[in-house]
Amino acid sequence: MTEIEVRRAKPDDAEALVHLRGLMLEAMGMDVGGEDAPWREVALRFLTEQLAAPERFAAFVVDDPAVGVVANAVGHVNPHPPSPTDLSAIRGTLYNVSTEHGFRRRGLARACVVALLDWFRDETGAGQIELHATQDGDQLYRSLGFVDSFYPSQRLLITR
């Protein structure tokens, strides 16, 4: 690969996005299971449906002619109440930034993230973009202007 060409993902790219999501989650220390792990089928349905809603969801990918999709960045927008520092009523979330092992450190993830940030800015009206960064991705996001949030992230898992 010499020139980086980023394109917007289509619904038939959903399987590749699930694969890259698995790589990202694994890099975060999560046991993702095998190719038949139940979460993959649910993620495939989710991503296929979301890719069909381009006004609120976008994924940008880079292809290698021999391998197919090798890098991606995904994001969506949600309604969010305005605040004194953000008068917009839309908040963006950036996630699922991942690159195949053999294609890392070539600027592919950066190119996908930049394309996604352009989408947020030019097509959504989002006033803020949020993300959870890994140590590996921290410098990339800081170089693009992301800063630490004032509030720590917390999570409650609801079991059914």
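Our structure's up above, just so we're on the same page.
**Structural notes on the packing of aromatic side chains**
By the definition in use, this model includes 4 aromatic pairs. Where W119 meets F120, the ring centres are 5.0 Å apart and the plane angle is 50°; that geometry is what we call tilted. For W119, a relative accessible area of 2% translates into the label buried. Between the aromatic rings of Y141 and F146, the centroid separation amounts to 6.0 Å while the plane-to-plane angle is 75°, which identifies the pairing as edge-to-face. F146 shares its class with Y141; the two are buried.

**A look at helix α3 (residues 108-124)**
The first and last C-alpha atoms of α3 sit 23 Å apart over 17 residues, in line with the 24 Å expected at 1.5 Å per residue. Those residues of α3 that sit buried are L108, A109, A111, C112, V113, A115, L116, L117, W119, F120 and T124. Where α3 is buried, its residues contact β1 (6-8), β2 (57-64), β3 (68-79), β4 (90-99), β5 (128-130) and α4 (135-143).

**Description of the sheet that holds β2**
Strand order in the open sheet formed by 5 strands is β1-β2-β3-β4-β5, with mixed pairing between adjacent strands. The open sheet terminates on both sides in strands that have one partner only, identified here as β1 and β5. Between one strand and the next, the sheet's axes are offset by a mean angle of 25°, whatever the strand orientation. Across 3 bridges, β1 lies against β2 in antiparallel orientation. Its bridge partner being in β2, V6 is matched across the sheet by V62. Packed onto the sheet, helix α1 (residues 14-27) meets β2, β3 and β4 and runs at close to 80° relative to β4.

**Things to note about the environment of R110**
With respect to the helices and strands, R110 occurs in helix α3. In the structure, R110 is positioned 27 residues away from G137 in sequence and 9.6 Å away in space, judged by C-alpha atoms. Setting aside chain neighbours within four positions, we find R110 in contact with L140, S143 and L144.

**Here's the deal with the pairing of β2**
Counting buried positions over the 8 residues of β2 gives 7, a clear majority of the element. Relative to β3, β2 is paired through 8 bridges, and the arrangement is antiparallel. What sits directly across from V62, in β3, is A71. Counting the residues that bridge the hairpin from β2 to β3 gives 3 residues.

Each value, and the rule that gives it
Residues numbered from 1 in each chain as written. Predicted model: local features only at pLDDT ≥ 70, side-chain atom pairs only at ≥ 80, totals over all residues. Heavy atoms only, no water. Phe/Tyr/Trp six-rings, centres within 6.5 Å; stacked < 30°, edge-to-face > 60°. Buried < 20%, exposed > 50% of the residue type's maximum accessible area, 1.4 Å probe, protein only. Helix = DSSP H or I, 4+ residues; strand = E, 2+ residues; numbered from the N terminus. Expected span 1.5 Å × (residues − 1). Contact = heavy atoms within 4.5 Å. Pairing = 2+ DSSP bridges. Axes fitted to C-alpha atoms, helices over the stretch in contact; angles between N-to-C directions.

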